[in-house]
Amino acid sequence: MQKKRKEKSLVMTNRMYLFLIPALTMFVIFWVIPLLMLFRYSITNFNGINQNYDYVGFKNFITLWKENIIGISIKNTVTYTVILVFVSNVAGLALAMALNAKIRMKGFYRTAAYLPTLFSAIVIGFIWTYVYMPSNGLIATLMNQVGMDGSKFNILAGFKSALYGITIVDIWKNIGTAMIIYLAGLQTIDESMLEAGQIDGCTGFQLMRYVKLPLISATITINVILSVIAGLKAFDYVFIMTNGGPGKSTNTLMYTIYKIAFTDQMLGKSAALSVIAFIVIIAITIVMLFFMNKREVEL
Amino acid sequence: MTKRNKSNIIIHILLCLYTVVTLAPLVIVLSSSFRSIGNMTSHIKLFSEFKLDSYIAAFTRMNFPVVFMNSVLTTFGSVIVVVLIASMAAYPIARIKNKRSRFLYYFFIAGLVIPSQMVIIPIAQMFNNLGISYNRFTPMIMFITCSLPFSTFLFTGFMGSVPISIEEAAYIDGSSLFRRYFGIVFPLLKPATVSVIITQGIWIWNDYFFPMVFVSRSSQFSLPVAMIQFLGDRENPAQWNVLFASCILCALPLVVLFLVFQKQFVNGVAAGAVKG
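## Observations concerning the overall build of chain A
- The secondary structure content of chain A amounts to 13 helices and zero strands.
- Taken from N to C terminus, the helices and strands of chain A fall in the order α-α-α-α-α-α-α-α-α-α-α-α-α.
- Radius of gyration (C-alpha) of chain A: 24 Å, far over the 19 Å computed for a compact globule of 299 residues.
- The principal-axis extent of the C-alpha atoms belonging to chain A is close to 75 × 75 × 30 Å.
- Here chain A holds 299 residues, and the buried ones make up 53% of them.
- Once local pairs closer than 6 in sequence are excluded, the contacts in chain A between residues at least 24 apart make up 66%.
- Per element, the accessible surface of chain A, about 14,400 Å² overall, is 65% carbon and sulfur.
- Across chain A, the 25 positively charged side chains and the 13 negatively charged ones have centroids separated by 5 Å.

And the structure:
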């Protein structure tokens, strides 16, 4: 719509950059500089209180590697992210497609699906602690009702199951947002496109795969990016529901960083892990953007 | 016709199943919150008792009126500042088309992917260096900063829908840059403003991390932080009803707002992602 303008415009002068000052100042002072400070702290033995700390080189990184903290927390975070991205997008898209059909009670279903996204993580953590509670939680009670042994159900205590347990909670909260965004994407599709497909003899599945999905590829991209970001930030339900346990089975990157800093009081070590997390996050983001850009053209 | 009915029935069944999974925990929390404090009969016997004991206990333990006001003040304050400075930042980024603007755009967006747990310690150091004291308003600084990337991104996306010709006309009529922005451009950004208020308002209202780190006196807690005090009570089954009542008290304000402004919520969340 906008024509390409010349560099020097009388109306759009460089004086407009004045408008940037408040936001840029805050962003640089409270986000960018702290991020850079991390790199310096990562090679010190700073403990948060004593300002006479020493530079210890790569000792923090070596300790993190030797204690296998890096491997475990990256593995947990990536598992969490992959499951979250896959399930919340597939389920969110399926829900949105169902709600996009001409059915009754649409508003009710939509409201119900969106409700969990309004709750604070702390409230959801409490609610799901009850749902998962061994012997008299919601799932255990329901299992008893149908004749299974509910007392054996304890998803958060299992080394293998705990991580899945908290991922389910995050999915439960996030589907609503994914659904709303997909629904908006689906509603932008022109009816005539679908009619043209039907006239050409597309089956329902073909219509979805070759007409609808390509048309909402931008929406898919944004939803996947949003859920990858949410997954890499995994902290809330580890903090509220499992404290990283049992053992280290739910130690995500962010929770480990928090724990090393606040419980162990080893800020240097925590900063070192933050640097690693930073590299991991940037790498994943770049790969994802590259992949998404390419795929969007192909579809 | 019959084929359509059949597929509609399948859709209804699936949606009903999903709705049950979503609502079941919430309904149980609601029903248990109306029980008397020590009532430990199975929670799935819905609405078997109707008392306000648990609510009264939760209300006084959380110091509800005080923490509620703290939450309201910090959320509203942060959202107002975010709308103002993020939209202002988006103005030159969207309007001036050169490399510098593109760089600034990506510079802000990059902030989206950095989790707050990672930078919290240098931020605390920064506060010490700048002599910023910790009180109920300290988290606002971080609420605003963390909201900037997404809000700037959104406002920049919407700025394209405000025609430049209006501004050019105003320029010829002699309005200054500030008059042009606040008198013409900003009011036309209303859809983006609504979207920012809703998406950022929800996370700021619900965030417990920054207040947990920066606020230590209980009279200055926000609602979610007041809830953290109950963490220890999970082990004590006799306290569950109070816990549930406090969950409802904490979630109620947003749920009520959502039910009243449902259309704006849904459009705001969707517009934020689709337009940008």
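## Here's the deal with the overall build of chain B
- From N to C terminus, chain B includes 13 helices and zero strands.
- Helices (α) and strands (β) of chain B occur, in sequence order from the N terminus, as α-α-α-α-α-α-α-α-α-α-α-α-α.
- A globule of 276 residues ought to have a C-alpha radius of gyration of about 19 Å, yet chain B, at 23 Å, is considerably larger.
- If one aligns the C-alpha atoms of chain B with their principal axes, the spans along those axes are about 75 × 70 × 30 Å.
- Taken over 276 residues, chain B has a buried fraction of 57%.

## Quick notes on empty space enclosed by the protein
- Counted by the stated rule, this structure contains three cavities of 30 Å³ or more.
- In this structure, the largest cavity encloses a volume near 1,500 Å³.
- In terms of lining residues, the largest cavity is bounded by 44 residues, among which Lys173(A), Asn174(A), Ala230(A), Lys233(A) and Trp203(B) are the most central.
- It is helix α7 (residues 162-187) of chain A that contributes the most residues to the lining of the largest cavity, six residues altogether.
- Taken together, the residues of the lining of the largest cavity break down into 26 nonpolar, 13 polar and five charged.
- Estimates place the volume of the second largest cavity at around 80 Å³.
- Together, 15 residues line the second largest cavity, and Asn70(B), Thr74(B), Phe143(B), Pro211(B) and Ser222(B) are the ones closest to its centre.
- Listed by contribution, the elements that provide at least two residues to the lining of the second largest cavity are α3 (64-95), α6 (138-159) and α9 (190-206) of chain B.
- For the lining of the second largest cavity, the leading source of residues is α3(B), giving four residues.
- Across the lining of the second largest cavity, the residue classes tally to seven nonpolar, six polar and two charged.

## Description of the interface of chain B and chain A
- Taken together, the 98 residues of chain B in the interface contact 93 residues of chain A.
- A per-residue breakdown of the area chain B buries against chain A is headed by Tyr18(B), Met118(B) and Tyr208(B), which together make up 8% of the total.
- Applying the counting criterion to the chain B and chain A interface returns zero salt bridges.
- For the interface between chain B and chain A, the tally reads nine residue pairs in polar contact (both at pLDDT 80 or more).
- If one sorts the elements of the side of chain B that touches chain A by residue count, helix α1 (residues 2-33) of chain B sits on top with 15 residues.
- Taken together, the residues that form the side of chain B that touches chain A break down as 74 nonpolar, 16 polar and eight charged.

## Some remarks on helix α9 (residues 204-215) of chain A
Residues and elements named next belong to chain A.
- Taking 1.5 Å per residue, twelve residues should reach 16 Å; α9 reaches 15 Å between its end C-alpha atoms and fits that length.
- Considered for burial, the residues of α9 that qualify are Leu207, Val211 and Leu213.
- As for α9, its buried residues are in contact with α3 (69-100), α8 (191-199) and α10 (217-232).

## Points about a nonpolar patch on the surface
- A contiguous nonpolar patch, built from Leu18(A), Ile21(A), Leu84(B), Phe178(B) and Phe182(B) and spanning about 440 Å² of accessible area, is present on the exposed surface.
- Residue class for Leu84(B) comes out partly exposed when judged on its relative accessible area of 41%.

## Some words on unusual backbone geometry
Residues and elements named next belong to chain A.
- Look at Asn68: it is not a glycine, yet its phi comes out positive at around 60°.
- With respect to the secondary-structure elements, Asn68 resides in the loop between α2 (59-66) and α3.
- When its relative accessible area of 42% is taken as the criterion, Asn68 is described as partly exposed.

## Some words on the environment of Gly268(A)
All names here are of chain A.
- Along the polypeptide, Gly268 turns up in helix α13 (residues 267-298).
- For the pair Gly268 and Ser42, spaced 226 residues apart in the sequence, the C-alpha separation amounts to 4.9 Å.
- Once residues within four sequence positions are removed from consideration, Gly268 is found in contact with Tyr41, Ser42, Thr44, Phe46 and Asn60.

## Section: the pattern of salt bridges
- Summed over all chains, the structure comprises three salt bridges over all chains.
- In this structure, the salt-bridge partner of Lys269(A) is Glu67(A), at a minimum N-O distance of 3.0 Å. Of this pair, Lys269(A) sits in helix α13 while Glu67(A) sits in the loop between α2 and α3, and the two are 202 residues apart along the sequence.
- Note on Lys269(A): relative accessible area 9%, which makes it buried.
- Close ionic contact of Arg95(B) with Glu167(B) constitutes a salt bridge, the shortest N to O distance being 2.8 Å. Linking Arg95(B) in helix α3 with Glu167(B) in helix α7 (residues 164-172), this pair joins segments that are 72 residues apart in sequence.
- Here Glu167(B) falls in the buried class, since its relative accessible area comes to 0%.

## So, the packing of α3(B) against helix α8 (residues 177-188) of chain B
Residue and element names in this part refer to chain B.
- For the pair α3 and α8, the least separation of the axes is 12 Å and the interaxial angle reads 110°. Comparing their axes, α8 and α3 come out roughly perpendicular. Mapping the contact onto sequence places Val83, Leu84, Ser87, Met88 and Tyr91 in α3 and Leu177, Arg180, Tyr181, Phe182, Val185 and Phe186 in α8.

Conventions we followed
- Residues numbered from 1 in each chain as written.
- Chains lettered and ligands numbered in written order.
- Predicted model: local features only at pLDDT ≥ 70, side-chain atom pairs only at ≥ 80, totals over all residues.
- Heavy atoms only, no water.
- Helix = DSSP H or I, 4+ residues; strand = E, 2+ residues; numbered from the N terminus.
- Rg over C-alpha atoms; globule rule 2.2 N^0.38 Å.
- Buried < 20%, exposed > 50% of the residue type's maximum accessible area, 1.4 Å probe, protein only.
- Contact = heavy atoms within 4.5 Å.
- Areas by Shrake-Rupley, 256 points an atom, 1.4 Å probe, with all protein chains shown as cover.
- Lys, Arg positive; Asp, Glu negative; His and termini not counted.
- Charge placed at Lys NZ, Arg CZ, Asp CG, Glu CD.
- 1 Å grid on protein atoms, 1.4 Å probe; cavity = no way out; pocket = protein on both sides within 12 Å on 5 of 7 lines; lining within 4 Å.
- Points joined across faces, edges and corners; volume = space filled by probe spheres on them.
- Nonpolar A, V, L, I, M, F, W, Y, C, P; charged D, E, K, R; others polar.
- Buried area = accessible area lost by both parts, 1.4 Å probe.
- Salt bridge = Lys/Arg side-chain N within 4 Å of Asp/Glu carboxyl O.
- Polar contact = N/O pair within 3.5 Å; in protein donor to acceptor, adjacent residues only side chain to side chain.
- Expected span 1.5 Å × (residues − 1).
- Patch = residues over 30% accessible without salt bridge, like charges linked within 9 Å, V, L, I, M, F, W, Y side chains within 5 Å.
- Axes fitted to C-alpha atoms, helices over the stretch in contact; angles between N-to-C directions.
- Parallel < 35°, antiparallel > 145°, perpendicular 65-115°, else oblique.

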